[in-house]
Amino acid sequence: MANLDLIKRLNEQYGKTSPIRSATKLFSINEAIDPNKLEKALPNSLASMGPLYAGYFDFGLPANVSLLFIDVCSFSTRFIDLDGESIATFFDNYYDVVIPIIYKYGGEIDKIIGDGIICIFGPPFLSDDTKANIKKANDCAKEIIEATEGKAYSSKVAFHSGTINYFKNKTGLYKEFTMIGKPLTEIFRLESVSLDERVNYYDETPIRDFYKERIACCQSGNSSTIKAEWTHWEHTLPNLKGVDFKRYYSIIHNK
Amino acid sequence: MPNLLQIDALREKYAVRNNVLQKEIKLLSENFKRSTYEIKNLFAVSGTNDTLVRYFESQQSANVVLLFIDITGFSLKCKSLTNNQLSLYLDDYYDRVITSIYRHGGEIEKIIGDGIICIFGQPFLSDSKSDLFIKADSCAKDVVIELKGSDKEVKIALHDGDVMYYKNKTENYPEYTMIGKPLTELFRLEGVSENNSINYYHVSQYDGMACCQEGVYKYSQSIIHSYWNKSGIVQVELKGVDWTFIKRFSCTYKT
């Protein structure tokens, strides 16, 4: 992804205003299986979304983004006995909790893989600077942890940032853009070691710098009166293929 | 996924050899928004094989073999490419890999950039489990041989187990998401997979099969011969996975 049809549909369902929502024409399924119609429709959609979208989607400009990979803790083992209808209901309820929070902070859905949701904070969907995008992603991640902790949808979040490109996928889904870049590999690897009900992020990244600044800010105040709502724990990373980082942090909510 | 639009578009482009006919995919796509009951009736009235409906709509559990194929060091390789070069690079990769998958009866489950997950099993193939392994093995070997020595060498994770297809109710987006623990285990296995190798958990039935013994393998499409060498057990620590050992079946040379 980002699949423009999926984005538009979710924008409509959860009440988000975006150029994709207003500019993308959804075809009926009969029309949609005619590739000629979709190939013609895509350039028109991009043009009406404005130069920012065309630049990133059509010309593949590098985009500095923050990414969240949100998924339900131990989904495969906890819900192994649910039947199809129950899983459908579970996912619908889960999406109803998580997606509005993502939209509240300006994020956009890149991919939904069952219980796994990858969302983006950055261009072309947000025009803020890197630090502001990190802040929005941080606020979003923490709110998701708070909203789901102790519940059936209890989640964990992998949080990463970096430069990606959107590549126009020509394999059949003509309105789909695949995100490409090392940060994507890194966030998949981070998800594989992420701790339950925590926000997890790598050391030596702009995200760590962002948190260090905030922690320093808190410590310079009167520490005896500050009760931290979130605590950062440092961990050594196991050897993760394609990942150069040595350590990661998990942020736990002090209930 | 499987996303019916993507499957349909890929079948337009590449020749597939499995049980499911294009007209069945189209019939299901066109009626995706209807209830399961209505879809079942439509298939019955039109005398169309209802295997797709049983697995996709009635959520019958499917015992499948899965491959996760991706380019080794892709993030680094694509870093220096322009968007146009990347497009050509991936188009060539998709052409070579998807052709092999379809030649052996597999179906595309998901494409995430250079990552391609494919299925050998119901509803697309109704072979015995051993035959599914043989088809997946031939496909994996063909892909490794095809790309060995090129700038697109791959690593492959091979795994099997029971999965279920959950109907994504998104309008205009006829997608059935595959869920189940084997999918998580496959993602984790991909994270420790090595170049030019088929990587699998040591407990897999595949390990004892004739196709997984060291020796010469002849590429399906030409007179290229290759030699395959099996590793001893390799210890890994993968979150959410019950096994701590994997094995690697590697192509050491091709003629």
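Above this note sits the structure.
Residues numbered from 1 in each chain as written. Chains lettered and ligands numbered in written order. Predicted model: local features only at pLDDT ≥ 70, side-chain atom pairs only at ≥ 80, totals over all residues.

Q: Would you explain the overall build of chain B in this entry?
A: Along the backbone of chain B there are eight helices and ten strands. In terms of overall size, chain B behaves like a compact globule, its C-alpha atoms giving a radius of gyration of 18 Å where 255 residues would be expected to give roughly 18 Å. Its C-alpha atoms give chain B principal-axis dimensions of roughly 55 × 45 × 35 Å. Counting all 255 residues of chain B, 50% fall into the buried class. (Helix = DSSP H or I, 4+ residues; strand = E, 2+ residues; numbered from the N terminus. Rg over C-alpha atoms; globule rule 2.2 N^0.38 Å. Buried ≥ 20, exposed ≤ 12 C-beta atoms within 10 Å, placed from the backbone.)

Q: Any chance you could explain the environment of B:Trp243 here in plain terms?
A: Residues and elements named next belong to chain B. Along the chain, Trp243 turns up in the loop between strand E9 (234-235) and strand E10 (245-254). Residue Trp243 is classed as partly exposed on the basis of its 14 C-beta neighbours within 10 Å. Those residues in contact with Trp243 that sit more than four places away from it in its chain are Tyr201, His202 and Val203. (Contact = placed C-beta atoms within 7 Å.)

Q: What exactly am I supposed to notice about the packing of helix H7 (residues 84-104) of chain A against helix H8 (residues 130-148) of chain A here?
A: Geometrically, a packed helix pair is captured by the angle between its two axes and the distance between the axes. All names here are of chain A. Relative orientation of the contacting elements H7 and H8 amounts to 155 degrees, with a least axis distance of 9 Å. The angle between H7 and H8 places the two elements in the roughly antiparallel class. Helix-helix and strand crossings are classified by hand; for H7 and H8 the assignment is right-handed. Residues Val97, Val98, Ile101 and Ile102 of H7 lie in contact with H8, whose contacting residues are Cys140, Glu143, Ile144, Ala147 and Thr148. (Axes fitted to C-alpha atoms, helices over the stretch in contact; angles between N-to-C directions. Parallel < 35°, antiparallel > 145°, perpendicular 65-115°, else oblique. Left-handed = near helix turned anticlockwise from the far one by under 90°.)

Q: I'm lost on helix H6 (residues 83-103) of chain B in this one. Help?
A: The α-helix advances 3.6 residues per turn, and as a result positions three or four apart in sequence lie on the same side. Residues and elements named next belong to chain B. Compared with an ideal rise of 1.5 Å per residue, which puts 21 residues at 30 Å, H6 spans 30 Å between its outermost C-alpha atoms and is within 8% of the ideal. Burial in H6 covers these residues: Leu86, Leu90, Tyr93, Tyr94, Val97, Ile98, Ser100, Ile101 and Tyr102. At the exit of H6 stands Gly105, carrying a positive phi of roughly 90 degrees. (Expected span 1.5 Å × (residues − 1).)

Function cannot be inferred from these measures alone, as they are strictly geometric.
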